[in-house]
Amino acid sequence: MHEKERQRIILSAVQDRPVVTVADLCSMTGASEATIRRDISTLHVQRRLRRVRGGAEAITPPQIVGLAGRPFAVNKTLRIAEKQAIARAGADLCEDGDSIIINGGTTTFQMVHPLTTRRLQVFTNSFPIAEHLLKHSKNTIMLSGGAIYREQNIILSPFDNDVTRNFYARRMFMGAHGLGPLGLMEADPLLVQAEHKLIGQADELVVLVDSSKFGQRSSLVLCPLDRITAVITDDGIPDNAAAMLEAADVNLIVVQAGVGREEEAVS
């Protein structure tokens, strides 16, 4: 990643939360600690942020604290081929006339391309998903209400009486921070709260995650494995993760990155 792009991400991150650690910034950019520390020093000298022990903070603290995790702009550049193949397999589960929920995320965002030829009722909390489908398809789109979190391009509401409770879906598609024996994991409490409401509005829950997510862990469990209907992932899934899903009676759909055909590995 180019220096200017790294520094743009760093400046964006410090505006989105009170303090950002060096480790967080390494994860967001894929750069080494030495490189991130050098960028922070440069931006500190330019008075564009304030260097603190172990990280950086904004000169003017943000009024709205952002969500934990990498920004949408960073995540969408990672494992693109895998995400596209996974998203195609997710879209193949949809039939014209279906009511579906698509949760915000960079893997679920890739569903917009195969869905442009469909006629669905789509509820989403993702601004870019809604925008793309409105411009390039004839699907009916409903957006959740709340505040837009710019870094993740997601709309979240802390209130129970939002429009989420008024939409029923046959199927919900979502990504996750991680997936393990305890179930789906997320990195931010506000995401967990909002996604709980969405999950409750769908008969089936289909999880779209690339194989790297089976190695990710978090302190926040969103839902147990037995709530998941199906998991769509790429062929890099570890054998122990596939066995875990089989033992939990979760339907596993494995796709090959760069190939438009998917293989149902476990039913």
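Heads up: these notes are all about the structure in this document. The structure presented is a predicted model; accordingly, all values stated were derived computationally and were not measured.

**A few points about the pairing of strand 5 (residues 121–124)**
Two strands pair when backbone bridges link them, and strand 4 (residues 99–102) and strand 5 are joined in this way by 4 bridges, in the parallel orientation. Pairing of I101 across the sheet is with F123, part of strand 5. Strand direction decides the pairing type here: strand 5 and strand 6 (residues 140–143), joined by 4 bridges, are parallel. If you follow V122 over to strand 6, its bridge partner there is I141.

**Things to note about unusual backbone geometry**
Backbone geometry at R47 places phi at a positive 60 degrees, although glycine is not the residue there. By the element assignment, R47 lies in the loop between helix 3 (33–45) and strand 2 (50–52). Not every positive phi belongs to a glycine, and D249 is a case in point at roughly 60 degrees. Position of D249 among the secondary structure elements: in the loop between helix 9 (239–247) and strand 15 (251–255).

**Focus on helix 2 (residues 22–29)**
Residue pairs three or four apart in sequence face the same way in an α-helix, which turns once every 3.6 residues. Buried within helix 2 we find V22, L25, C26, M28 and T29. Looking down the long axis of helix 2, one finds its buried residues gathered within 165 degrees of arc, a one-sided arrangement. G30 sits one or two positions beyond helix 2 and adopts a positive phi of about 80 degrees.

**Some words on the sheet that holds strand 10 (residues 178–180)**
Strand order in the open sheet made by the 3 strands is 10-11-13, with antiparallel pairing throughout. In this open sheet, the two edge strands, each paired with only one partner strand, are strand 10 and strand 13 (220–223). Adjacent strand axes in the sheet meet at a mean angle of 40 degrees when their direction is disregarded. As paired strands, strand 10 and strand 11 (residues 183–186) are joined by 3 bridges and run antiparallel to one another. When the sheet's bridge partners are listed, G180 is paired in strand 11 with G183. Relative to strand 13, helix 8 (residues 189–199) is tilted by about 10 degrees, and along the sheet it contacts strand 11 and strand 13.

**A word on the pairing of strand 9 (residues 169–174)**
Burial of strand 9 is extensive: 5 of the 6 residues sit out of reach of the surface. Two strands pair when backbone bridges link them, and strand 9 and strand 12 (residues 202–208) are joined in this way by 5 bridges, in the parallel orientation. Along strand 12, the bridge assignment pairs R171 with E204.

**Structural notes on the side chain of R118**
Tracing the backbone shows R118 in the loop between helix 6 (106–109) and strand 5. Only 3.1 Å separates the side chain of R118 from the backbone oxygen of A91, close enough to count as a polar contact. Among residues more than four places away in sequence, those in contact with R118 are A91, D92, C94, E95, D96, K138 and N139.

**With respect to the side chain of K213**
Structurally, K213 can be placed in the loop between strand 12 and strand 13. For the buried residue K213, which engages in no salt bridge, the nearest side chain bearing the opposite charge is D210, 4.6 Å off. In terms of polar contacts, K213 uses its side chain to reach the backbone carbonyl oxygen of A176, at 2.9 Å. Beyond its immediate stretch of four places on either side in the chain, K213 contacts A176, H177, G178 and L179.

**Remarks on the packing of helix 2 against helix 3**
The interhelical angle for the contact between helix 2 and helix 3, taken along N-to-C directions, is 110 degrees, at an axis separation of 9 Å. Classed by the angle they form, the pair helix 2 and helix 3 counts as roughly perpendicular. From helix 2, V22, L25, C26 and T29 reach across to helix 3, where they touch E33, I36, R37 and I40. Tallied by class, the residues present in the contact of helix 2 with helix 3 amount to 5 nonpolar, 1 polar and 2 charged.

**Regarding the environment of I59**
Position of I59 relative to the elements: it lies in the loop between strand 3 (55–57) and helix 4 (72–75). On a C-alpha basis, the gap between I59 and H44 in space is 9.4 Å, while along the polypeptide they are 15 residues apart. Filtering out sequence-adjacent residues up to four positions away, I59 remains in contact with R47, R48, L49 and R50.

**Here we look at the nonpolar core**
Residues L179, L184, L205, F214, I228, V231 and L245 are the most contacted members of the largest nonpolar core, which totals 30 residues. When contributions to this core are tallied by element, the ones reaching two or more residues are strand 9, helix 8, strand 12, strand 13, helix 9 and strand 15. When residues in this core are grouped by element, the largest group, 4 residues, is from helix 9. Once residues within four sequence positions are removed from consideration, L179 is found in contact with L184, M185, V209, K213, F214, Q216, R217, L225, I228, V231 and L245. Counting 25 residues, the second largest nonpolar core, distinct from the first, contains A85, F109, M111 and A230.

The rules we used
Residues numbered from 1 in each chain as written. Predicted model: local features only at pLDDT ≥ 70, side-chain atom pairs only at ≥ 80, totals over all residues. Heavy atoms only, no water. Pairing = 2+ DSSP bridges. Helix = DSSP H or I, 4+ residues; strand = E, 2+ residues; numbered from the N terminus. Buried < 20%, exposed > 50% of the residue type's maximum accessible area, 1.4 Å probe, protein only. Arc of directions from axis to C-beta. Axes fitted to C-alpha atoms, helices over the stretch in contact; angles between N-to-C directions. Contact = heavy atoms within 4.5 Å. Polar contact = N/O pair within 3.5 Å; in protein donor to acceptor, adjacent residues only side chain to side chain. Lys, Arg positive; Asp, Glu negative; His and termini not counted. Salt bridge = Lys/Arg side-chain N within 4 Å of Asp/Glu carboxyl O. Parallel < 35°, antiparallel > 145°, perpendicular 65-115°, else oblique. Nonpolar A, V, L, I, M, F, W, Y, C, P; charged D, E, K, R; others polar. Core = buried A, V, L, I, M, F, W, Y, C linked by side-chain atoms within 4.5 Å.

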